[in-house]
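The lines below spell out each chain.
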Amino acid sequence: MEQNYGHLEIRLNELMQQKKLSKNKLSHKAEMNWKQIDNYCTNNITRLDTYVLCKLCTVLECEIQDLLVFHPSEPEPNTPPQADRCPAYSTMKQRDI
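Residues numbered from 1 in each chain as written. Predicted model: local features only at pLDDT ≥ 70, side-chain atom pairs only at ≥ 80, totals over all residues. Heavy atoms only, no water.

Chemist: I would appreciate a short explanation of the packing of helix H1 (residues 12-19) against helix H3 (residues 34-41) in the present structure.
Modeler: Angle between the axes and distance between the axes: these two values describe a pair of packed helices. The interhelical angle for the contact between H1 and H3, taken along N-to-C directions, is 110°, at an axis separation of 7 Å. With respect to H3, the element H1 is oriented roughly perpendicular. Here Leu12, Asn13 and Met16 of H1 come into contact with H3, specifically with Ile37, Tyr40 and Cys41. The residue makeup of the contact of H1 with H3, split by class, is five nonpolar, one polar and no charged. (Axes fitted to C-alpha atoms, helices over the stretch in contact; angles between N-to-C directions. Helix = DSSP H or I, 4+ residues; strand = E, 2+ residues; numbered from the N terminus. Parallel < 35°, antiparallel > 145°, perpendicular 65-115°, else oblique. Contact = heavy atoms within 4.5 Å. Nonpolar A, V, L, I, M, F, W, Y, C, P; charged D, E, K, R; others polar.)

Chemist: Sorry, what's going on with the nonpolar core here?
Modeler: Nonpolar side chains in soluble globular proteins tend to be buried together. One finds Leu12, Leu26, Ile37, Tyr40, Leu56, Leu60 and Leu67 to be the most contacted residues of the largest nonpolar core, which totals 19 residues. Of all the secondary structure elements, the ones that give two or more residues to this core are H1, H3 and helix H4 (50-60). Sort the elements by how many residues they give to this core and H4 lands first, with five residues. When residues no more than four places from it in sequence are discounted, the contact partners of Leu56 are Leu12, Leu26, Met32, Ile37, Tyr40 and Leu67. (Core = buried A, V, L, I, M, F, W, Y, C linked by side-chain atoms within 4.5 Å. Buried < 20%, exposed > 50% of the residue type's maximum accessible area, 1.4 Å probe, protein only.)

That's the geometry; what it means functionally is another story.
Below is the structure:
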């Protein structure tokens, strides 16, 4: 079974709208390829580049948490919390009672 660890949302599109910047203008200011900007706008990124994130935050004058938002995974129905599935944790809980 594959574990779901949640996902990151890149909010570049929203920040660009707030700053009234087009993809063209941002690509020039950040010295980035237009297609790369487009991929970040559409959340079509498989690996985040920290240098690119620093460029974007600098040009947009924002903090990293304005640009990236972590959405944790939703627990599956009828699945106990992570700690309850750990035998060592369960043993410790019983001893401490």
